[in-house]
Amino acid sequence: SAKDMEAEREAVGDAVRLTCIVSMPLSLGLCLFSKQILELIFAGENEAIALTSPLLSILALSVTLSCLVTVGNAVLQSYGKANIPMWSMVAGAVAKITLAYVLIGNKSIGIAGAPISTFFCDLTINLINFYHISKELPNPVKLKKTVLSPFLSAAISVIAARSLFNFIEKGLGESALASVISIGAAAVIYLPICFVTGAIGRDDVKRITRGR
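Residues numbered from 1 in each chain as written. Predicted model: local features only at pLDDT ≥ 70, side-chain atom pairs only at ≥ 80, totals over all residues. Heavy atoms only, no water.

Asker: How should the overall build of the protein chain be read in this particular structure?
Answerer: Secondary structure assignment for the protein chain yields nine helices and zero strands. Put simply, the protein chain runs from its N terminus to its C terminus through helices and strands in the order α-α-α-α-α-α-α-α-α. Along the first, second and third principal axes, the C-alpha atoms of the protein chain reach 60 × 50 × 20 Å. For the protein chain, with 212 residues in total, the buried portion stands at 36%. Long-range pairs, those at least 24 residues apart, make up 76% of the contacts in the protein chain between residues at least 6 apart in sequence. In the form shown here, the protein chain has an accessible surface area of approximately 12400 Å², with 69% of it arising from carbon and sulfur atoms. Separation between the mean location of the 18 positive side-chain charges and that of the 14 negative ones in the protein chain comes to 6 Å. (Helix = DSSP H or I, 4+ residues; strand = E, 2+ residues; numbered from the N terminus. Buried < 20%, exposed > 50% of the residue type's maximum accessible area, 1.4 Å probe, protein only. Contact = heavy atoms within 4.5 Å. Areas by Shrake-Rupley, 256 points an atom, 1.4 Å probe, with all protein chains shown as cover. Lys, Arg positive; Asp, Glu negative; His and termini not counted. Charge placed at Lys NZ, Arg CZ, Asp CG, Glu CD.)

What follows is the structure in structure tokens.
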């Protein structure tokens, strides 16, 4: 309403960045630790875990995209473009149904076609939404700070956690304990890494601490 383009850009950039900071480690963690997480929840169901963990690993890649759909929809509605999210979700649904039909029917892919089609559904929605957002906001938000830095932070912490898991499991032979320690370690080191990569900066700290 104030036509303050710079404030708009900052608001959209912060929304996308915060969403990526929260969702990306969860997405990558669920992808790399799908089997271990299922073992913690469904102990003893080895056959079911063996079948579902690869599917969960694929589905996990949609976590961030799914979260960004909510952000994109909200931004477009704030611009008075509520019809665009509706049509983008229709396009995503068509992409999902079409891909699911084709991929699940392929014997070499089978049921894995379901999470794959979900990924492309969310990707389609985001591409349409953020294309229209870029038309409302001519100079785009900084991709490095909003997306790449959170992704790098998440990747470093999750890969470090996976390496720690492999080391502990070899030493103790106890998968459940190794999972809990490794995931906990990832959570502890993630925030400092975000500061190092620039995903979180001094301005964010000032905002949280009200300038102190």
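Asker: When you look at helix α1 (residues 5-32) in this model, what are you seeing that I'm missing?
Answerer: Because each turn of an α-helix spans 3.6 residues, side chains separated by three or four positions in sequence point in the same direction. Across its 28 residues, α1 extends 40 Å between first and last C-alpha, which sits within 8% of the 40 Å expected from 1.5 Å per residue. Remark: the principal bend of α1, roughly 35 degrees, maps to Ser 23, with a proline, Pro 25, within the next four residues. (Expected span 1.5 Å × (residues − 1). Bend = angle between axes of the 7 residues up to and from the residue.)

Asker: Would you explain the pattern of salt bridges in this entry?
Answerer: Pairs can form between side chains of opposite charge once their charged atoms are near each other. Counted under the stated rule, the structure contains four salt bridges. A salt bridge links Arg 17 to Asp 14; the nearest nitrogen and oxygen atoms lie 2.9 Å apart. One end of the pair, Arg 17, and the other, Asp 14, are both in helix α1, three residues apart, so they sit about a helical turn from each other. With relative accessibility at 24%, the residue Asp 14 sits in the partly exposed group. Put simply, Lys 81 and Glu 136 hold a salt bridge, and the shortest N to O gap is 3.6 Å. Placement of the pair is Lys 81 in the loop between α4 (63-78) and α5 (83-104) and Glu 136 in helix α6 (residues 113-136), with a sequence separation of 55 residues. For Lys 81, a relative accessible area of 31% corresponds to the partly exposed category. In this structure Glu 136 comes out as partly exposed when scored by relative accessible area, which is 28%. (Salt bridge = Lys/Arg side-chain N within 4 Å of Asp/Glu carboxyl O.)

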